Amino acid sequence: MTTAAASVTRSAVTRVSKSLKQRAAFGAAVRPTRGVPVTAGRRVLSTRAEADGPVCIVTGASRGIGAAIALALGETGARVVVNYAASAGPAEEVAAKIKAAGGDAIVVQANVGQEEDVKRLFKETMDAFGEVNVVVNNAGITRDGLMMRMKMQQWQEVIDTNLTGVFMMCQEGTKMMGKKKPVKGRIVNIASVVGVTGNAGQANYSAAKAGVIGLTKTIAREYSGRNIVCNAIAPGFIASDMTAELGPEIEKKILTTIPLNRYGQPEEVAGLVKFLALDPAAAYITGQTICIDGGMVM
Ligand code: NAP
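Residues numbered from 1 in each chain as written. Predicted model: local features only at pLDDT ≥ 70, side-chain atom pairs only at ≥ 80, totals over all residues. Heavy atoms only, no water.

### Here's the deal with unusual backbone geometry
Basically, it comes down to this: Runs of H or I in DSSP of at least four residues are treated as helices and runs of E of at least two as strands, each being numbered from the N terminus.
Cis geometry marks the peptide bond from Lys181 to Pro182, where omega comes out at -5°. Its place among the elements puts Pro182 in the loop between α5 (152–177) and β7 (185–190). A positive phi angle, near 60°, is found at Asn261, a position not held by glycine. Here Asn261 shows up in the loop between α9 (247–255) and α10 (266–278).

### Observations concerning the site of the ligand
The following threshold applies: One heavy atom within 4 Å of a molecule or strand is enough for the residue carrying it to be called near that molecule or strand. Any pair of nitrogen or oxygen atoms within 3.5 Å is treated as a polar contact; in protein, a donor-acceptor pairing is required on top of that, and neighbouring residues in sequence qualify only through side-chain atoms on both sides. Working definition of accessibility: Shrake-Rupley area with a 1.4 Å probe, residue cover restricted to the visible protein chains.
Residues in close proximity to the ligand total 32 residues, the closest being Ala86, Ser87, Asn138, Tyr205 and Ser240. At 2.7 Å from an oxygen atom of the ligand is found a side-chain nitrogen or oxygen belonging to Arg63. In the environment of the ligand, an oxygen atom lies 2.8 Å from a nitrogen or oxygen atom belonging to the backbone of Ile238. Isolated, the ligand exposes 900 Å² of accessible area, and the fraction of that covered by the protein chains is 94%. Of all the elements in the fold, those that place two or more residues in the shell around the ligand are α2 (64–74), β4 (79–84), α7 (203–223) and α8 (241–244).

### What about α10?
Under the convention used in this document: Expected span of a helix, by definition, is 1.5 Å for each gap between consecutive residues, and there is one gap fewer than residues. Exposure is judged per residue with a 1.4 Å probe applied to protein chains only, and the accessible area is read against the type maximum: over 50% gives exposed, under 20% gives buried, and values in between give partly exposed.
Between its terminal C-alpha atoms α10 stretches 18 Å, which fits the 18 Å expected from 13 residues at 1.5 Å a residue. Pro266, Val269, Ala270, Leu272, Val273, Leu276, Ala277 and Leu278 are the residues of α10 that are buried.

### Focus: the environment of Lys97
Within the fold, Lys97 resides in helix α3 (residues 88–100). Residue class for Lys97 comes out exposed when judged on its relative accessible area of 51%. For the pair Lys97 and Ala70, spaced 27 residues apart in the sequence, the C-alpha separation amounts to 9.7 Å.

### Thoughts on the nonpolar core
In summary, soluble globular proteins display a tendency toward joint burial of nonpolar side chains. We count it as follows: The definition of a nonpolar core used throughout is a set of buried Ala, Val, Leu, Ile, Met, Phe, Trp, Tyr and Cys residues joined through side-chain atoms within 4.5 Å. Should any heavy atoms of two residues lie within 4.5 Å, those residues are considered in contact.
The biggest cluster of nonpolar side chains holds 34 residues, and the ones touching the most others in it are Ile69, Leu73, Val82, Val136 and Ile233. Going through the elements one at a time, β3 (55–58), α2, β4, α3, β6 (134–137), β7 and α10 are the ones with two or more residues in this core. Here Val82 is in contact with Val58, Ala61, Ala91, Val94, Ala95, Ile98, Ala105, Ile106, Val107 and Val108, once residues within four sequence places are set aside. Grouped together as the second largest cluster of nonpolar side chains are 30 residues, Leu121, Met169, Met176 and Tyr223 included.

### Description of the pattern of salt bridges
Heads up, the rule is: Within this document, salt bridges are pairs made up of a side-chain nitrogen of Lys or Arg and a carboxyl oxygen of Asp or Glu, the two lying within 4 Å of each other.
The final tally for this structure, using the stated rule, is 11 salt bridges. The salt bridge involving Glu157 is made with Arg143; its shortest N-O contact spans 2.6 Å. On the criterion of sequence distance, the pair formed by Glu157 in helix α5 and Arg143 in the loop between β6 and α5 is long-range, its members being 14 residues apart. The class of Arg143 is partly exposed, set by a relative accessible area of 34%. One salt bridge in this structure joins Glu268 and Arg262, with 2.9 Å as the shortest N-O distance. Several salt bridges converge on common partners, so that one network encompasses Glu115, Lys119, Glu172 and Lys175.

### So, the sheet that holds β4
Cut-off, in case you're wondering: Here, any two strands with at least 2 DSSP bridges between them count as paired. Axis definition: a line fit to C-alpha positions, over the contact stretch in the case of helices; interaxial angles, taken between N-to-C directions, run 0 to 180 degrees.
Spatially, 7 strands are ordered β5-β4-β3-β6-β7-β8-β9 in an open sheet, and the strand pairing comes out parallel. Of all strands in the sheet, those bounded by a partner on one side alone are β5 (104–109) and β9 (289–292). Within this sheet the neighbouring strands show an average axis-to-axis angle of 20°, counted without direction. For β7 and strand β8 (residues 228–235), the ladder comprises 6 bridges, and the chain directions are parallel. Bridging from a neighbouring strand, Asn189 pairs with Ala232 of β8.

See below:
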């Protein structure tokens, strides 16, 4: 076997064994040989392991932090639902990358602020994969402005997407997680440090994110008896389209408030989501809000 082939096989073995551990964490029967072809009496792992890992819905996965989360989960062999609102092309690209990395993926357009879209998102997930193990509520928007000038529409759009959307996704998600016995599931909600600290110019956004933190704690309490854990992540400033809108002048000021003196990367947030969503070691964490912000909030 060439060095390259050996390394591909090694990474396929690692992926399959991670996927098995994660499936075991979700109470699934472990089926080690599925998707593993046998050649001349010798088991040879295919370069694209058949993905049968946990089913993970990631909202707003076409760009930025959500795309990095979807890919990080997909690379472990998870079956990922890549949700988007308008960016069909980028969402398809994320799904293609997940499949190339050994996971499986479907792409579903749905506005998380619309009840019927949320229900359809779960229906398409159940039709494709038959179960839901993880929900990552990442989709979010900003409509910034000082409160004295904030229009009701600015307020409502942000609340609908960033808070009501998370509520509906959690309500429907916990229902679907309850369909397979024994019930198990993990929810990760992407909040923000401004949900903890407040922020001038973001009355709508900080109220929505603070709401997500309260909702997370309530879900953790209501669903602990059903083995569904729910945590929030509060990023500080992360390099994405959302922060690119701020411009270099504001960025300079922001950097003075970050002890690590840089923006975070989407992949850094994705690593934490992967831990909370899939790692067996995270099974005893629930109701928490973890800041990932270069030291802004401590
Ligand atoms: P982004 O680059 O603007 O991407 C937003 C994503 O959300 C896109 O995939 C977008 O889909 C999707 N989306 C927007 N509205 C949606 C809706 N109604 N239904 C479904 N999907 C929708 O944002 P980001 O910076 O990656 O932020 C991701 C999350 O992290 C958000 O919740 C944000 O509040 C939070 N956050 C970000 C930062 C930061 O510094 N970047 C800091 C703290 C918290 P389309 O591509 O189809 O529009």
